[in-house]
Amino acid sequence: RSVSIVAFGNERDRFSEDNPQPSLIWSYLGRSALISQIDSSLSASHVGNPVFTEYQACVFGNVRLVVHDCPVWDIFDSDWYTSRSLIGGADIIVIKYSVNDKTLFQELKDSYVPMIKKALHHSSVPVIISAIGARKNGVPCTCPLCTSDRRSCVTTSEGVQLAKELGATYLELHTLNDFYIQKYFGGVLEYFMIQSLNQKSSEKMKKRKKTQKCHRVQPPQLEQPEKMPILKGEASHYDADLHNLLCCCQCADVAFYPEDLSTVVEAHKVILCSVSHLFMLLFEVKSPADIRDASIVQTAQSLFAVENGATSPSAPHSVPPCVPPVRVVVKDSVFCSCLPDILHFIYSGAFQWERLEEDIKKKLKDPEKTENVLEKVKCILKTPGKLNTVKDCRSHQIKRLYNTSLRLFFNTPVLADVIFKIQGATVPAHRAVLVARCEVMAAMFNGNYLEANSILVPVYGVSKDTFLSFLEYLYTDSCCPASILQAMSLLICAEMYQVMRLQHICELYIITQLQSMPSRELASTSLSIVSLLKRAKFHNSDCLSTWLLHFIATNYLIFSQKPEFQDLSAEERRFVEMHRWPSNLYLKQLADYRNYIHSQKCHCAVM
């Protein structure tokens with residue numbers, strides 16, 4: 001055991017003409033009855049210029065005491081590494097100064113105390129500040145060339161303030177006699193020595209206990225299971241699908257013409273009616289009595305004229321003969337010239353109002369005409385009984401039309417131009433929505449297939465409820481399966497029609513439901529996870545099948561007890577055994593530990 005003390009500062013008055021007094025440290029070592037076997041040596045940075053004196057002695061009989069006495073503060077300037085090392089290894093720090101040397105005290109306070117604080121850096125090392133000497137109360141000379149003012153004294157309050165700054169113990173030693181050295185300074189120093197030894201003994205005991213604990217037989221550590229593969233959802237391309245429908249004009253059943261019939265702009269009734277009550281009135285989805293808004297009725301009559309049954313040589317040929325296109329004459333030529341931009345705005349979700357304004361301004365280059373066209377567009381988008389202001393059009397509260405309004409036309413015969421026959425029931429739909437949202441149906445209704453010119457289309461391989469959920473996704477871009485089995489059926493339907501985003505949504509739903517299932521429910525459920533795995537593999541759902549294999553491996557102790565576990569293929573069984581949790585190694589270590597505890601006849605709180 002040992003105690004290290006580092007002392008900084010000079011207790012002698014640099015300007016005193018008296019005989020030099022012995023140092024504080026040497027006086028204590030020489031006079032204390034607890035100190036024995038004193039040895040000293042000098043350490044010098046230059047020959048004849050000692051930086052510090054090192055004393056070694058014994059205290060309390062067998063405790064080694066090492067003291068470094070540094071009388072010169074320059075060690076902090078010339079050798080910062082050495083001074084920092086001394087402070088870092090110290091158990092007790094002593095700072096001493098003469099009360100009759102105000103200049104050196106001020107230098108200590110301004111320059112070296114901040115360095116000591118930085119070196120300590122929240123350390124709990126005790127610090128003793130010793131103010132040494134009897135104050136000489138002479139009146140200082142006022143002559144600027146005289147140095148007698150340097151003999152002005154350091155007051156007690158200044159010393160106490162310095163001690164507070166360092167969190168130190170403050171002592172005043174008027175003389176280095178037996179009382180001040182042994183009883184006063186020595187008593188405080190020895191108290192801190194005992195505290196340091198007690199702290200070291202406590203730390204040593206804790207370390208010994210920790211070492212002994214490490215040598216005990218510990219229960220095996222159960223590692224976390226392997227991380228499951230992460231499935232990332234696919235971003236929606238709903239608006240892009242419907243905008244592309246306008247660009248390619250597949251299944252268009254409306255043709256807008258100017259009054260001179262010189263050009264044609266094709267569109268789709270179901271899309272236009274999902275946007276606007278005006279178009280619902282125009283295509284007889286609603287009557288004026290249903291609208292109950294004179295401004296909408298007046299705008300529809302003044303802006304458009306519908307010629308039912310009239311076909312033009314340039315009319316669209318993409319609809320079957322049984323669903324003739326509707327020709328609509330646009331009476332306002334300026335509005336008709338802007339109609340392509342207005343339709344692009346509507347088919348893109350009808351929320352990019354600022355862009356529509358810019359496009360019309362560039363095309364017309366007339367503020368009055370621009371304002372007139374925009375007012376008509378507002379009337380087209382108007383909800384009956386409500387005022388449409390510019391503020392409303394610019395706000396983010398404009399509904400993104402299709403995922404809300406197209407729901408009105410889901411599973412309804414209004415404007416329907418195709419009927420699916422499934423399990424003896426019929427389901428009406430709209431070719432424009434199906435073609436825009438599903439590539440397989442786009443090929444089916446536009447290629448050389450029987451369905452291209454048929455209104456009644458049979459569907460095989462899926463149930464009515466599953467097919468309705470599939471159509472609901474096409475119309476609304478959302479789906480909410482009621483169970484894991486329904487989600488798997490919908491996934492199979494999505495794979496059949498190659499709607500990949502719906503397939504990913506179903507995969508995520510299945511994974512989320514299984515992850516949230518408690519172990520007890522997982523053990524008792526009649527749902528066959530292995531059957532889900534087989535179906536996922538058969539229908540090319542690679543992400544889900546990989547995840548299910550990891551899920552079975554992670555819950556090995558549950559699934560290995562089920563009969564369905566035997567239905568795994570040899571390759572799947574190898575994968576599960578390789579990635580099983582907990583592993584065979586852990587179970588073996590656990591059995592060994594239990595045997596050890598039993599053999600020692602100990603009670604294990606963990607087990």
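See above for the structure.
Conventions used here
Residues numbered from 1 in each chain as written. Predicted model: local features only at pLDDT ≥ 70, side-chain atom pairs only at ≥ 80, totals over all residues. Heavy atoms only, no water. Helix = DSSP H or I, 4+ residues; strand = E, 2+ residues; numbered from the N terminus. Buried < 20%, exposed > 50% of the residue type's maximum accessible area, 1.4 Å probe, protein only. Contact = heavy atoms within 4.5 Å. Areas by Shrake-Rupley, 256 points an atom, 1.4 Å probe, with all protein chains shown as cover. Core = buried A, V, L, I, M, F, W, Y, C linked by side-chain atoms within 4.5 Å. Polar contact = N/O pair within 3.5 Å; in protein donor to acceptor, adjacent residues only side chain to side chain. Salt bridge = Lys/Arg side-chain N within 4 Å of Asp/Glu carboxyl O. Pairing = 2+ DSSP bridges. Axes fitted to C-alpha atoms, helices over the stretch in contact; angles between N-to-C directions. Phe/Tyr/Trp six-rings, centres within 6.5 Å; stacked < 30°, edge-to-face > 60°. Lys NZ or Arg CZ within 6 Å of the ring centre and 35° of its normal.

Quick notes on the overall build of the chain
Along the backbone of the chain there are 28 helices and 14 strands. Among the 607 residues that make up the chain, the fraction classed as buried is 46%. Restricting to contacts in the chain with at least 6 residues of sequence separation, those with at least 24 account for 67%. As presented, the chain carries roughly 32500 Å² of accessible surface, and 52% of it is formed by carbon and sulfur atoms.

Some points on the environment of Val435
You can see Val435 is positioned in helix H18 (residues 431-437). With a relative accessible area of 6%, Val435 lands in the buried category. The spacing of Val435 and Cys251 is 184 residues in sequence and 7.8 Å in space, taken between C-alpha atoms. Setting aside residues up to four positions removed in sequence, Val435 forms contacts with Gln250, Cys251, Met441, Ala442, Phe445 and Asn446.

Quick look at the nonpolar core
Of all hydrophobic cores here, the largest spans 113 residues; its most connected members are Phe256, Phe420, Phe467 and Phe470. The greatest single-element share of this core, amounting to eight residues, is contributed by helix H21 (residues 484-496). In this structure, Phe470 is in contact with Cys438, Met441, Leu490, Cys493, Ala494, Tyr497, Val499 and Leu502, ignoring residues within four places of it in sequence. In this structure, Val6, Ile95, Tyr112 and Tyr170 belong to the second largest nonpolar core, which totals 32 residues.

Some thoughts on the side chain of Lys96
Counting through the fold element by element, Lys96 comes out in strand E5 (residues 92-98). Side-chain polar atoms of Lys96 contact the backbone oxygen of Gly9, separated by 2.8 Å. The contact partners of Lys96, leaving out residues within four places of it in the chain, are Ala7, Phe8, Gly9, Asn10, Glu11, Leu24, Ile25, Asp69, Ser130 and Ile132.

Concerning unusual backbone geometry
Trans peptide bonds make up most of the peptide bonds, and negative phi angles are found at most residues other than glycine. Omega for the peptide link from Trp581 to Pro582 comes to 0°, which places this bond in the cis form. Mapping Pro582 onto the fold places it in the loop between helix H27 (570-578) and helix H28 (584-600). Even without being glycine, Phe60 reaches a positive phi, approximately 60°. Position of Phe60 among the secondary structure elements: in the loop between strand E3 (49-59) and strand E4 (63-70).

Considerations on the pattern of salt bridges
Counted under the stated rule, the structure contains 18 salt bridges. In this structure, the salt-bridge partner of Arg407 is Glu472, at a minimum N-O distance of 3.2 Å. Note that Arg407 is positioned in the loop between helix H17 (402-405) and strand E12 (418-422) and Glu472 in helix H20 (residues 464-476), a separation of 65 residues in sequence. Using a relative accessible area of 38% as the deciding quantity, one classes Arg407 as partly exposed. Glu472 gets classed as partly exposed once you look at its relative accessible area, which sits at 25%. In this structure, Arg437 and Asp477 form a salt bridge, with 3.0 Å as the shortest nitrogen-oxygen distance. Note that Arg437 is positioned in helix H18 and Asp477 in the loop between H20 and H21, a separation of 40 residues in sequence. You can call Arg437 buried: its relative accessible area is 7%. With a relative accessible area of 14%, Asp477 lands in the buried category. Look at the salt bridges and you will find they share partners, linking Asp241, Arg437, Asp477 and Arg501 into a network.

Points about the sheet that holds strand E13 (residues 425-429)
Here three strands make up an open sheet; going across it, the order is E13-E12-E14 and the pairing mixed. The sheet terminates laterally at E13 and strand E14 (456-458), the two strands that pair on one side only. When strand polarity is set aside, the average angle formed by the axes of neighbouring strands in this sheet is 30°.

Considering the sheet that holds strand E9 (residues 265-267)
Spatially, E9-E8-E11-E10 is the arrangement adopted by the four strands of the open sheet, whose pairing is mixed. Looking at strand neighbours, the two that pair on one side only are E9 and strand E10 (304-307), the edges of this open sheet. Across the sheet, the mean angle from the axis of one strand to that of its neighbour is 25°, orientation sign disregarded. Looking at chain direction, E10 and strand E11 (residues 326-330) are connected through four bridges and run antiparallel. Bridge pairing in E11 links Phe304 to Val330. On the sheet, helix H13 (residues 339-347) packs against strand E8 (254-258), E9 and E11 and is oriented at approximately 20° with respect to E9.

A word on the packing of aromatic side chains
Summed over the entire model, instances satisfying the criterion amount to 21 aromatic pairs. Residues Phe467 and Phe470 carry aromatic rings whose centres are separated by 6.0 Å and whose planes lie at 35° to one another, so their mutual orientation is tilted. Separated by three residues within a single helix, Phe467 and Phe470 lie in helix H20, roughly one turn from each other. Comparing Phe467 with Phe470 shows no difference in burial state: the two are buried. Relative to Phe565, the ring of Tyr556 has its centre 5.8 Å away and its plane inclined at 90°; by these criteria the two rings are edge-to-face. Of the residues examined, Tyr556 reaches a relative accessible area of 9% and is grouped as buried. When its relative accessible area of 4% is taken as the criterion, Phe565 is described as buried. Following the ring pairs from residue to residue traces out a cluster consisting of Phe256, Phe279, Phe283, Phe304 and Phe335. One Lys or Arg, Arg327, reaches over the ring of Tyr257 and ends 5.9 Å from the middle of that ring. The ring centre of Tyr473 lies 5.1 Å from the NZ or CZ of Arg437, which sits over that ring.

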